[in-house]
Structures are given as C-alpha cells and as structure tokens.
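For reference, the chains in residue letters:
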Amino acid sequence: DDPALLAAFQARIDAGEKIEPKEWMPEGYRKTLIRQIGQHAHSEIVGQLPEGNWITRAPTLERKAILLAKVQDEAGHGLYLYCAAETLGVSRDELTEALLSGKMKYSSIFNYPTLTWADMGAVGWLVDGAAIMNQVPLQRTSFGPYARAMVRICKEESFHQRQGYDIMMKLAQGTPEQKAMAQDALNRFWYPSLMMFGPSDKDSVHSAQSMAWKIKMNTNDELRQKFVDQTVPQAEYLGLTVPDPAVKWNEEKGGYDFSEPDWAEFFEVIKGNGPCNAERIEARQKAWDDGAWFRDGLMAHAAKQRTAKVA
Ligand code: ACO
C-alpha cells in the first residue's frame, strides 16, 4: 500500500471517523475485519447450540419462551454480522465454508457442554456478560457497519445477561440441591468464560495492529480484568463462590487479583480438540447440507426473475 494513503487512512481512524464499505482501506484492515466479524458471526450461530439443547427441557412455559426468544436473538446477531462482513467483499457461503473446513474459528466457549438447567443461568450470566464486556466498546469500532450492528446486539445481550442472572438467582435462593446446581454451573463455566477474551496480551498476535486500527478497543487482559471486577460481587450477591481461591480485592490496582485460566486447554480447544468441537461442527454441517435445497431454490427463483425482466 502507498505510504501516503496509509497515513491518511490512519489519520481518519485517529480522528474517530468511521470507515465505510466503499471507501479505500488497507488490505490488512479488510482482512482483519473479515476474520474478526466472520468469527464473531460464527460464534453467534454456533452459540445457539448449547442453549438450543435445553429449549425442550426448560422447567416452565415462561422459561421456555424466554430461552426460545434468546436463542432466536443469537441467530439474528449472526445474520447482522454476516451482512456486515459481506460489505467487505466476502460472501456468506464463503464464510460458512471456512467455518466448516476449520479455516475460521468461533468462540472457544461454545465447545463446552451444557449439562444441567443451571447451565442456562451460567451461560446467560457469564457468557453473555463476557460478550457484552467485549462488545460495548466495539460500538465505537472504526468500521461503520460493524459498529452499527453492535448497537442492537448489545441491547439484546443485556437482556440475555439479565435472564441468565435471574435463573441463577432463583436457583441460588431455592432448595440446597438447586443451589448446588447453580454452584456447579459456575464452577464449570468460570474459566471458560475468562478464556473468551482471548490469550493473555503477551500471546495476542493481533491486538497491537487491531487496536491501532480501532478494530479492537481494548486489550484481552483489560477486558478480562473488567469482567472479573464486575462478576465477583454478583457471585457474592448470589451466595455462590467463584472457583478460584486466589480471587481477592487488590486495593492498589483497584481490581480483583485472580488466577489465569489454563492456557494449554484454551489452545487445545481453539485447535479443535475441546469437549464439543466435533459435535458443534457436525451440527452446522448438517444444517448447511439440509438447507442446500432451499438455497438452490432461491437461486433458481432469482435467475428466473432476471430472465423474465430481460424478456
Ligand atoms: N475463542 C476462539 N478463538 C480465539 C479466542 C476465543 N475465545 N480468543 C482468541 N482467539 C483466537 C484468535 O481468533 C486468533 O486466531 P486467528 O489468528 O486464527 O484468528 C488467536 O486466537 C490469537 O488471539 P488474538 O491475537 O488475541 O486475536 P484477536 O485480536 O482477534 O482477539 C477476540 C480475540 C478478543 C475474541 C476478538 O477477535 C474480538 O473481540 N472479537 C469480537 C467478539 C467476538 O467474536 N465474540 C464472540 C463471542 S461472544 C458471543 O458470540 C455470544
């Protein structure tokens, strides 16, 4: 890329201007956005699976209606994000094929199983809580369509987080067995939630460039710390214990000390070796294959319309 063009581009970013799809952008900026927005979209779509697993087993009609709405919201988030990625010149089919072939990733968190109803509480509270922590700053990201998609997504994610906390509250105030279920869900989802923010800053290959371009607004460790600071008091309010004996308020830094997740486990999960990776990709592959007739039908219809217009 021409250095003068690059400098002018960086100056626009530094001035807080939004970059729009048809404007000039460095190839690296475009590629990084496609990677991040595409992975984000895949996460929303794959993220329906662990919760979809509980729709037929929700304990009441009300809980079922709420969970159904939440899972549908995640599908909507995936669709806005695929649309945002499409403005960068990549098709949804290409992105889906990259997911299915393992070329593109999706969030590590969705490779963990949801074993009990309490997991619906923990996922809403912790997983959606972590997602919001990351996505609220992304409303100010430099690429217009991505920033705008985040506004609605964040509103819906806040509802998701509250419904999760509400499930946890009911269980934590319920019978000793229910409270134990809530504690067990917290125990299993705590470290995987911390991993959602990505590797520690020293191992984050993309952070420096992505932050200079305002594709990312904070480092992985900054957001992880904010998440812990927000979540520990919420766990205390529930009367539950965060499964990390090192969690302790640190007056000097104005935040909690906590233990790092097991990064070896994280890297195994993102390589495809987590507890549910194979199952998740199988489910997406099946949905893709089962939908082929429908996509073909749409294409055939569009082709017919075009011929009719020409005639
Ligand atoms: N799960 C899977 N892969 C991850 C994760 C994670 N939790 N964290 C990091 N990675 C991958 C990165 O994608 C990158 O791999 P790649 O080069 O093959 O793409 C590698 O690990 C190195 O990490 P970083 O250099 O730190 O990557 P990056 O700068 O992209 O930061 C982050 C990762 C924070 C997830 C960033 O991409 C981001 O903010 N994405 C948007 C939010 C998002 O995707 N949320 C999805 C979960 S929330 C939800 O859907 C409900």
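1. Here's the deal with the site of the ligand
1) Next: Close to the ligand lie 27 residues, the nearest being Lys105, Ser108, Ser204, His206 and Lys216.
2) Next: Between the ligand and the protein, one listed contact pairs an oxygen atom with a side-chain N or O atom of Asn134 at 2.8 Å.
3) Next: Here a nitrogen atom of the ligand sits 3.3 Å away from a polar atom, N or O, in the main chain of Met196.
4) Next: Here the ligand loses 89% of its free accessible area of 950 Å² to cover by the protein chains.
5) Next: Secondary structure elements with two or more residues in the shell around the ligand: helix 2 (27–46), helix 6 (118–138) and helix 11 (263–273).
6) Next: Residue contributions to the shell around the ligand peak at six residues, all from helix 2.

2. Observations regarding the state of the cysteines
1) Next: What the rule picks out here adds up to zero disulfides.
2) Next: For the unlinked cysteine Cys83, the closest cysteine sulfur is that of Cys154, found at 17 Å.
3) Next: Taking relative accessible area as the criterion, Cys154 reaches 5% and is therefore assigned buried.

3. Observations concerning the pattern of salt bridges
1) Next: Following the criterion strictly, the structure yields 17 salt bridges and no others.
2) Next: Between Arg224 and Asp221 there is a salt bridge; the shortest N-O distance is 2.7 Å. Highlighted residues: Arg224 and Asp221, both in helix 10 (residues 220–238), separated by three residues, approximately one helical turn.
3) Next: Overlapping salt bridges, with partners in common, bring together Glu51, Lys70, Glu74 and Asp128 in one network.

4. Points about the packing of helix 7 (residues 144–172) against helix 10
When two helices pack together, their arrangement is captured by the angle between the axes and the distance separating the axes.
1) Next: Between helix 7 and helix 10, the shortest axis-to-axis distance is 10 Å and the interhelical angle comes to 30°. Here helix 7 is positioned roughly parallel relative to helix 10, judged by the angle of their axes. Residues Gln161, Tyr165, Met168, Met169 and Ala172 of helix 7 lie in contact with helix 10, whose contacting residues are Gln230, Gln234, Tyr237 and Leu238.
2) Next: Residue composition of the contact of helix 7 with helix 10, by class: six nonpolar, three polar and no charged.

5. Side note on a negative patch on the surface
1) Next: A cluster of acidic residues, Glu86, Asp93, Glu94 and Glu97, forms a negative patch at the surface.
2) Next: Ranked by residue count, the leading element in the negative patch is helix 5 (residues 92–100), at three residues.
3) Next: Along the chain, the position of Glu94 falls in helix 5.

6. Quick look at helix 5
1) Next: Along helix 5, the residues that are buried comprise Leu95, Thr96, Ala98, Leu99 and Leu100.
2) Next: On its buried face, helix 5 sits against helix 2, helix 4 (61–86) and helix 12 (277–290).

7. Here's the deal with the environment of Gln10
1) Next: Take Gln10: it is sitting in helix 1 (residues 3–14).
2) Next: Taking relative accessible area as the criterion, Gln10 reaches 22% and is therefore assigned partly exposed.
3) Next: Considering only alpha carbons, one finds Gln10 and Pro176, 166 residues apart in sequence, at a separation of 57 Å.
4) Next: In this view, Gln10 contacts Ala212 and Trp213; residues no more than four positions away in its chain are not counted.

8. Describing the confidence of the model for the chain
1) Next: Taken over all residues, the pLDDT of the chain has a mean of 97, while the share at 70 or more is 100%.
2) Next: Interface predicted TM-score (ipTM) for the complex: 0.98; the corresponding pTM is 0.96.

9. A look at the side chain of Thr96
1) Next: For Thr96, the position within the fold is in helix 5.
2) Next: Setting aside its immediate chain neighbours within four residues, Thr96 contacts His42 and Trp288.

10. Considering the packing of helix 7 against helix 8 (residues 176–195)
1) Next: Close contact between helix 7 and helix 8 brings their axes to 7 Å; oriented N to C, the two are set at 140°. The angle between helix 7 and helix 8 falls in the class oblique. Across from Met168, Leu171 and Ala172 in helix 7, the residues of helix 8 making contact are Gln178, Lys179 and Ala182.
2) Next: Classifying every residue of the contact of helix 7 with helix 8 gives four nonpolar, one polar and one charged.

Each value, and the rule that gives it
Residues numbered from 1 in each chain as written. Predicted model: local features only at pLDDT ≥ 70, side-chain atom pairs only at ≥ 80, totals over all residues. Heavy atoms only, no water. Near = heavy atom within 4 Å. Polar contact = N/O pair within 3.5 Å; in protein donor to acceptor, adjacent residues only side chain to side chain. Areas by Shrake-Rupley, 256 points an atom, 1.4 Å probe, with all protein chains shown as cover. Helix = DSSP H or I, 4+ residues; strand = E, 2+ residues; numbered from the N terminus. Disulfide = S-S within 2.5 Å. Buried < 20%, exposed > 50% of the residue type's maximum accessible area, 1.4 Å probe, protein only. Salt bridge = Lys/Arg side-chain N within 4 Å of Asp/Glu carboxyl O. Axes fitted to C-alpha atoms, helices over the stretch in contact; angles between N-to-C directions. Parallel < 35°, antiparallel > 145°, perpendicular 65-115°, else oblique. Contact = heavy atoms within 4.5 Å. Nonpolar A, V, L, I, M, F, W, Y, C, P; charged D, E, K, R; others polar. Patch = residues over 30% accessible without salt bridge, like charges linked within 9 Å, V, L, I, M, F, W, Y side chains within 5 Å. Lys, Arg positive; Asp, Glu negative; His and termini not counted. Charge placed at Lys NZ, Arg CZ, Asp CG, Glu CD. pLDDT = per-residue confidence, 0-100.

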